[in-house]
Structure formats: C-alpha cells, structure tokens
Amino acid sequence: MKSIDPADYLRRAGETGEGPFDIAETALMLSALDRADRPLQRYRDHLKEMAERARDSVKLLAHVEDVAHAISGLLVGSYGYDGDRMSYDDPQNADLMAVIDRRRGLPVALGILYIHAARGAGLAAQGVNSPGHFLLRLLFQSEEILIDPFNGGVAVDGERLGGPPRMGTAGPDEPRVSEPVSDAEVLLRLQNNIKLRALQTGDRPRALDIAKRMVLIAPRRPELWIDLARLNEGAGSLGAATKAYEACLALVRAGTDLHNEAALGLYTLKRRLN
C-alpha cells in the first residue's frame, strides 16, 4: 500500500464528518503519529485476516447471539484479546499498535477491533453510550445485542445498566444506554484516555499533542477547539491559542455558554498580546 501521511489521513477523515470510517485504519494512523519508524503493513495484514475470518465464522449463523459469540470467540479464543486489568492506566492500552502487539487494551481500544471484525463479517456495529464503560451494539438481521469488549465480548443486559436492552424502548426520562455513537466519538474517547492520563502525570506537552489530534478527527466540535486553545495558552503558544479560540467561535451560536467562554478567553488573550 502506498505510504500515507498519518496527519493528512486523519485530517481528511475528519473533514468527511463523524463517520463511519475505516475505524481500525484510522486508529492505526493515530498510533503511527507516535511510531513513524514502524511499518504498518503487519498490522494491516492482521486486521485484514481478522475481518476475513470473522466473515467466514458467521456464514451459517441465523441469530445475533450466535454471531456475537462467533465474533467474541475469534477475538478472544483465536487471537487472545482481553482487557488489561493489571495495568489499566498504561497509555499503551489506548494505542492500537501496542494493543495488537500485547493483545491487551482499554475497553474502547478493544471495541475498535470488535467493530472492525463485526463490520468485516457484514454486521452493523457501533459504540454505545453506557455509564462509565464502553460497550458495543451489534445488529444482525433486525436483531441486536450489546456486548462488552473488555470482558471477553460477553452479552450485556441493558436493563442492569439502567437502560433498555433494545433500541427505541426507553421512556423520555430513562437513560439511553444503547444509543449508538459515531465513529468519531469512539476515536475521540480513545484519544481522551491518553490526554487525561497525560494531564494526571503533569505531561502537558503530551496532552497538547493529543488535543491537536482530536481536532483533526472532529474539526466541527467547538468544545475540542476551546480545549486546544486553553492547552496552547498554557504552553505559551499564544498565536495558536488565538486561532483555536477563533475556530471555536466560528462553530457556535452567539449567546451560548461556549460562545461566551471562548469570546472571553480570546478577549483576555488579546489583551495579553497588546
């Protein structure tokens, strides 16, 4: 495959909207930004094989529970993927190359591999909202199921999580546990894990670098621009902070809290520059 600049790939993906993307390839590009000297081909070969084996494993199946079991059997039984419970906060758990190498990862990183395998098998697969955890929704022949990629791909009872086990059955005041999220949201969640851990350890340059990647993935999200503005301002990159505040203001309606916050930040910053 022709060499691709990871930042350019991510920028072009972000410009298309919230997805769906080739989610595993996009996550690989995020990893490649930190591993410029590492060839991508063996990771792509692994992902290609995974998708092909997933497709073969569901050919004769008729029910979503059986399909989900087949996908989980492939990821766990054949490839050995599992949640990293011993070193959960290790940043490698949110780096797809490292996850593939170690066969261990965070729920969202493993979820990306499950999504890739399920889509390779012809299923509709998406991340879903869930309290404090990352789950997947698989849809097969009008049936659906929630699974937990961190815990061996086991099926999850949505009612035990405080929400409905099936789409569209929640009342207006009930949590929408099985409401799907975009591919961009999944990738942002992956990156946010790295950014938060960098901030917790005081590594603000790393947090700033990750914030830049997040606006590549989702350039239409104003909250990402204001976060980038603050991190640039803290790093003393005042010109970059100004541009980020301006990008936020261009995306939000005047009078909203976010608009007011960005406008105040920009005003204060310009006073510092004058």
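Everything below is about the structure shown above.
K.L.:
Go over the packing of helix α1 (residues 6-15) against helix α2 (residues 23-32), please, and point to the residues and values.
P.N.:
Where α1 meets α2, the closest approach of the two axes is 9 Å, and the angle between their N-to-C directions is 140 degrees. Classified by the angle between their axes, α1 and α2 sit oblique to one another. Between α1 and α2 the crossing geometry is left-handed. Between α1 and α2, the contacting residues are P6, Y9 and L10 on the first element and E25, T26, M29, L30 and A32 on the second. For the contact of α1 with α2, the per-class residue count stands at six nonpolar, one polar and one charged.

K.L.:
How would you summarise the pairing of strand β5 (residues 143-148) if you had to cite specific residues and measurements?
P.N.:
In terms of residue burial, β5 counts as a mostly covered element, since five of its six residues are buried. Note: strand β4 (residues 135-140) against β5, five bridges, orientation antiparallel. Bridge assignment links F140 to a residue of β5, and that residue is E143. Two successive antiparallel strands, β4 and β5, enclose a turn made up of two residues, where Q141 displays a positive phi of approximately 50 degrees. Strand direction decides the pairing type here: β5 and strand β6 (residues 154-155), joined by two bridges, are antiparallel. Residue I147 lies in a different strand from β6, and its bridge partner there is A155.

K.L.:
Any details on the environment of R55? Residues and values, ideally.
P.N.:
Relative to the helices and strands, R55 is located in helix α3 (residues 41-57). On the accessibility criterion, R55 (40% relative accessible area) is partly exposed. Put simply, R55 and R230 are 175 residues apart on the chain and 45 Å apart in space, counted from C-alpha to C-alpha.

K.L.:
So, the nonpolar core: which residues are in play, and what are the values?
P.N.:
Grouped together as the largest cluster of nonpolar side chains are 83 residues, with contacts concentrated most on I71, L75, Y81 and L113. In terms of residues, this core owes the most to one element, helix α6 (residues 107-120), which gives nine residues. Those residues within four positions of L75 in sequence are excluded, and the remaining contacts are M50, G80, Y81, L113, Y114 and A117.

K.L.:
Give a description of the packing of aromatic side chains that names residues and reports values.
P.N.:
Tallied over the full model, the rule gives two aromatic pairs. Pairing Y88 with F150 gives two aromatic rings, centres 5.6 Å apart and planes at 75 degrees, and the pair type is edge-to-face. Placement of Y88 in the loop between β1 (82-83) and α5 (96-102) and of F150 in the loop between β5 and β6 is noted, with a sequence separation of 62 residues between them. Look at Y88 and you get partly exposed, because its relative accessible area is 34%.

Quick notes on the rules
- Residues numbered from 1 in each chain as written.
- Predicted model: local features only at pLDDT ≥ 70, side-chain atom pairs only at ≥ 80, totals over all residues.
- Heavy atoms only, no water.
- Axes fitted to C-alpha atoms, helices over the stretch in contact; angles between N-to-C directions.
- Helix = DSSP H or I, 4+ residues; strand = E, 2+ residues; numbered from the N terminus.
- Parallel < 35°, antiparallel > 145°, perpendicular 65-115°, else oblique.
- Left-handed = near helix turned anticlockwise from the far one by under 90°.
- Contact = heavy atoms within 4.5 Å.
- Nonpolar A, V, L, I, M, F, W, Y, C, P; charged D, E, K, R; others polar.
- Buried < 20%, exposed > 50% of the residue type's maximum accessible area, 1.4 Å probe, protein only.
- Pairing = 2+ DSSP bridges.
- Core = buried A, V, L, I, M, F, W, Y, C linked by side-chain atoms within 4.5 Å.
- Phe/Tyr/Trp six-rings, centres within 6.5 Å; stacked < 30°, edge-to-face > 60°.

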